[in-house]
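One letter stands for each residue in the lines below.
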2 protein chains.
Amino acid sequence: MTDIDVADKVEGADVAALRELLDGRWAHVRRQAREMLRGELFAPVHGLDVEAHRARVAEQLRAIAGTEVPGYGFSSEYGGSDDVGGSVVAFEMLVCDLSLMVKVGVQWGLFGGAVQALGTERHHAAHLRDVMSVELPGCFAMTETGHGSDVQRLRTTAVYDPGTEEFVVHTPDDAARKDYIGNAARDGRMAVVFAQLFSGGQGRGVHALLVPIRDGRGRPTPGVHIEDCGHKAGLNGVDNGRLRFDGVRVPRTALLNRYGDVAADGSYSSPIDSPNRRFFTMLGTLVRGRISVAGGAGTAAKAALAIAVRYGEARRQFGRPGTGEEVRIMDYLAHQRRLLPALAKSYALHFAQEELVSRLHDGWTGEPLDEHGQRELESRAAGLKAVSTWHATDVIQTCREACGGAGYLSENRLPQLKADTDVFTTFEGDNTVLLQLVAKSLLTNYRDEFGSLDTLGMARFVAGQFFETVIERTAARSIIERLVDAAPGRGEGGDLYDRGWQCKLLEDREEHVLEGLARRLRRAGADGVDAFEVFNNAQDHVLRAGRAHVDRVLLEAFVAAVDRCSDPGARALLDQVCDLYVLSTIEADRAWFLEHERLTPARAKAVTSAVNALCRRLRPHARDLVDAFGLDDAWLAAPIALGAEATRQQTQRAAMAETD
Amino acid sequence: MTDIDVADKVEGADVAALRELLDGRWAHVRRQAREMLRGELFAPVHGLDVEAHRARVAEQLRAIAGTEVPGYGFSSEYGGSDDVGGSVVAFEMLVCDLSLMVKVGVQWGLFGGAVQALGTERHHAAHLRDVMSVELPGCFAMTETGHGSDVQRLRTTAVYDPGTEEFVVHTPDDAARKDYIGNAARDGRMAVVFAQLFSGGQGRGVHALLVPIRDGRGRPTPGVHIEDCGHKAGLNGVDNGRLRFDGVRVPRTALLNRYGDVAADGSYSSPIDSPNRRFFTMLGTLVRGRISVAGGAGTAAKAALAIAVRYGEARRQFGRPGTGEEVRIMDYLAHQRRLLPALAKSYALHFAQEELVSRLHDGWTGEPLDEHGQRELESRAAGLKAVSTWHATDVIQTCREACGGAGYLSENRLPQLKADTDVFTTFEGDNTVLLQLVAKSLLTNYRDEFGSLDTLGMARFVAGQFFETVIERTAARSIIERLVDAAPGRGEGGDLYDRGWQCKLLEDREEHVLEGLARRLRRAGADGVDAFEVFNNAQDHVLRAGRAHVDRVLLEAFVAAVDRCSDPGARALLDQVCDLYVLSTIEADRAWFLEHERLTPARAKAVTSAVNALCRRLRPHARDLVDAFGLDDAWLAAPIALGAEATRQQTQRAAMAETD
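Residues numbered from 1 in each chain as written. Chains lettered and ligands numbered in written order. Predicted model: local features only at pLDDT ≥ 70, side-chain atom pairs only at ≥ 80, totals over all residues. Heavy atoms only, no water.

The name given to chain A in an unreviewed UniProt entry is acyl-CoA oxidase, and the organism recorded there is Spinactinospora alkalitolerans. The annotation that UniProt attaches to chain A under Sequence similarities (unreviewed entry) is "Belongs to the acyl-CoA oxidase family." One UniProt comment on chain A, placed under Cofactor (unreviewed entry), says "FAD". (UniProt positions renumbered as here; feature names shortened; annotations may be inferred.)

Listed below in structure tokens is the structure:
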């Protein structure tokens, strides 16, 4: 490549076309965010102490409360705009400070979202306007110190007292305190508290109630004990806290009663008979949180890539043999290898995320999803959340290293992006648990089987004909099927860039892994077998199945996106980015393909060569590809990404030219 | 495994025997650190603001100045104890606060070490005592903003003025400012400044000079401009700064003149004729810094593992099908998979590190290393530093995730360990550059070839017979050779646990990768070939060669350690840990072994099964294995590792038993 000054390159038509495609269905929300998140109030900051950071984020939240953002996720009946997809996209755009992103998510997504999804008219009318305006700052008090992933075992109790028509909310011991609760340590006035409901002397399972936690002057209400979680790795602008309830009484109507109600006399009723199914239905309505986290992680990864690619284009180190001119670090294969496959995967995740958000949105605003559709939505949310947040963790780390010492300085944003997103792999569902949910969902073949991690349900599934039943028919499927049908057969030679062959390879792996897993797990149902041991011995297969599934989902979303791209230049470029995504994905797991004789050794090596070739080919487009994300310079903020390094290099080259 | 309360398990004989082995040759230094680093002054802290943190670390440094620690690395002539190995081990023990570790490293390792290694009698007599006592806090001013990895291209100048018998030290522009310099922003009084030396109108290459940067009252000396690097991802107890020199004059004697001197009349002399060789000889004397960083990263990884394993033993989540009893998370295969191979690798790194420190020590205090030995030492330091610091980055991340939300709280130490060690992959040599140095060192076959990243030297090497010439004869080699000779032939079946087979497999990979690499690079010497392109296209092979080499070095060090372990119980346990290290290493790169037909698909799958089996087998010993590291509870500090979680689980189980 000619050593042109890429940093000075003018934004070409491709960037605009790419950005249009990436902006997608919620372009209006993205544009609005670019308009709104400007100026000193929204500028990224670092090194603030905890109290100053919390105060700043609270102020930002209030500023956003005055815009259309809070309304996206709420019903027009209460001043919202019924644009649930918009609410998710608005969340992911808040990359100027991820503490703000999470604070917004807590207030309007988790707290407000739970009131809306689990409550009924009386709760909506009473609270939704105040939720949107932040007159009523709230918490989502689900996780306890002792139980995070296993929500069904929460131990906070809410016992109905028919004498006073009240629930008594109580924390039996420290393991049952609510923990890591956003908005609790400083700002929250009310909490949606998940507790084991008891009425008429009977346990009714986990339900949610509205419990005031602070009065109008900000003092804890009687019986509520609030503790600050203190300093965290990141997200210190969010006031996470612990809540304990000492026999706190709330009226009967505080129960969010859409899926289960207690009458004045203590009799219990629910539209869903099975307690297990009721529980999972309730959780299922909260799926938006998981989808939002996947999107937020995606944006953080994009921001890190934008910083590292821009720096990599300006930064030079080591002389080129012969000319002695210093080489841009982005020109080293090792550097390309670290950044470009990650960039390709960010594209894949972006397209899969938009599909997922669309599905959520359409199920919310249009025809409600049937049970099958809801199951699929939840499974996909779990899988994308796990893969997207792990991707962010890896990519931001890589970008920090790729920027060397400069990447370690807080002013260059990578430290904050890393520290803030670190917990994304944990909250809204631990990733390891989520991948198991994906596998389980595939295995149960969308049956009416609920249960957290018990393997018996899985084991009952009889293997065979996975593809017909397990893989969902999406819009992209017809394109994929056409491609697959036209592709050469398994194991054969042919073109590594053949999209049909690529799709088939990933489908085939998913099918094979699932079948093998089902065979293993079926043994758990046999007499005298320790079901836990069977499950546990197969746990690495379970996780592999989840990953294999998500890899394919990403590829299909990418294929569909290329298909709908109407700009020929952008389309040709995206086609190569898609090749890089899929071939680097195959490369990363080529041991599996070799072990299962899906790739010959020669072909596996050819995959690696193809990844190298694609890195070289896409390197001149790296800057365009990150610019197309449409992340404002003010959000990136890092001086090394905004010309400081380019200026230094120019000064230095001028000085060196003089002395030569 | 029976569900005994492992947290209550008494420390057995094996732990003592293991610890003795791990404490090794510098047990006295480790014991002394355990005695010294106690009480409030050395307790880990978090959430301090930058100034408070810097002040605390400065106070800790002064306290340590009163002990034998500073003396380890210095000559007994000036009050030291000539125990350079001790100085490296003392550094790695400072895990209570990694800012302190780095501050100690800057003062006594980098600054004091450079005065000692590059200076002569006059500098030693004038300064070493004050360096040890911290009367003279100093900086090591090598890195510039524009040049970090490529030290040969530093642009600060030191021009000799025979009229005044002074050097004029000057920073031409911002790209040449000294950057990320520890001790510069707050405490340093003097700096070892690396600059392009000019005398008699001729450039003499990079040399180091002593330049006062602050006066006795802490004000910058005339012409010295000091800037604070500001907030960083971690290590905020270290005052990193930037230095600019505006024609600063220092006396002729300020030149650290061991390898190059300027006479009063400006004539230049050096014991080493070749400027290139002189430069690399000077750098080579500073190898201790790199070795220290490898050790420090190793301790940080061990601390994270100790916290995560202890938490994993106490923490329970999800009920066991059948009994309903909640399962300890350490009993899940996925959890074992994340922690135990990492633990095994920490053991391997520990043993390799001790070997490396011994070699450094013996070359320093006994018979000086010949050129070959020095080359080998530097190559090994580069390789271990890269692998150990990447290991720390990965492991600490994994441990944070394995501790869920609790791992995100600063009180549980993992955030600080992560943030502090993050830059270890960058400073003292960027890891990617270091792995290339390893490969280059192997390829040049220890010839007298110097040069930073130019590939011509590499390419001149003619492939063939690597093993005889490239692989060094160490103490362990005779054991290894015996094992290898007794092992079954390549590709054959046989026992995966056969140590000879394992060694042979790693040797064979290293040899094959090196040969292939040499073949590729030889083309760079041909006419009309762009040497950079040839090198760049092979860069992934270069990195692979470095990694393959280090993998083998680690295995051999592990084998030697098992061999010298006299306690039968500890030895049997270590033997399994060694199996887990090597088999998980093979598993991670099994794609290569499959591609090169060193493993059949069936055998590759068997490797994965063996790793799972070893995880199960070692799980009951996990706690012993981390306890044997001998990291004080006060250094771990994390409440979740010190009984808080165990207590909560007991309370909860009691409460749940009551309600049952």
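Trainee: Explain the relation of the copies chain A and chain B to me, please; I cannot follow it from the model alone.
Mentor: One copy of the chain maps onto the second through a rotation about an axis and a displacement along it. Note on the identical chains: chain A maps onto chain B by a rotation of 180° and an axial translation of 0.0 Å, with an RMSD of 0.0 Å. Here the transformation between the copies is reduced to the relation of a two-fold axis. When C-alpha positions in chain A are compared against the rotation axis, the closest is assigned to A591 of chain A, at 2.0 Å. Looking at chain A, 100% of its interface residues are interface residues in chain B too, so the copies touch through the same face. (Least-squares fit on C-alpha atoms with pLDDT ≥ 70 in both. Contact = heavy atoms within 4.5 Å.)

Trainee: Looking at this structure, I do not really get the packing of aromatic side chains. What am I missing?
Mentor: Any aromatic ring pair is given by two values, namely how distant the centres are and how the planes are angled relative to each other. According to the stated counting rule, one finds 20 aromatic pairs over all chains in the structure shown. On the numbers, 5.8 Å between centres and 70° between planes, the contact of Y332 of chain A with F532 of chain B is edge-to-face. Taken together, the residues Y332 of chain A in the loop between strand 13 (326–328) and helix 10 (333–365) and F532 of chain B in helix 19 (residues 531–537) connect one chain to another. For Y332 of chain A, a relative accessible area of 9% gives the class buried. Here W592 of chain B and F593 of chain B contribute two aromatic rings whose centre-to-centre distance is 5.4 Å and whose plane-to-plane angle is 85°, an arrangement assigned as edge-to-face. Grouping residues by exposure puts W592 of chain B and F593 of chain B together as buried. (Phe/Tyr/Trp six-rings, centres within 6.5 Å; stacked < 30°, edge-to-face > 60°. Helix = DSSP H or I, 4+ residues; strand = E, 2+ residues; numbered from the N terminus. Buried < 20%, exposed > 50% of the residue type's maximum accessible area, 1.4 Å probe, protein only.)

Trainee: Even after reading the chapter, I still don't get the environment of A352 of chain A, so can you show me in this structure?
Mentor: All names here are of chain A. Looking at the secondary structure, you find A352 in helix 10. In this structure A352 comes out as buried when scored by relative accessible area, which is 1%. On a C-alpha basis, the gap between A352 and A297 in space is 13 Å, while along the polypeptide they are 55 residues apart. In contact with A352, other than residues within four places in its own chain, are L384, L554 and A557.

Trainee: In this structure, what is going on with the sheet that holds strand 7 (residues 224–228) of chain B? I would like to understand it.
Mentor: Residues and elements named next belong to chain B. A sheet is described by the order of its strands in space; here three strands give the open sequence 4-8-7, paired in antiparallel fashion. If you trace the sheet from one side to the other, it starts and ends with strand 4 (178–181) and strand 7, each paired once. Strand-to-strand, the axes of this sheet are offset by a mean angle of 25°, without reference to chain direction. Looking at chain direction, strand 4 and strand 8 (residues 241–245) are connected through two bridges and run antiparallel. Bridge pairing in strand 8 links K178 to L243. (Pairing = 2+ DSSP bridges. Axes fitted to C-alpha atoms, helices over the stretch in contact; angles between N-to-C directions.)

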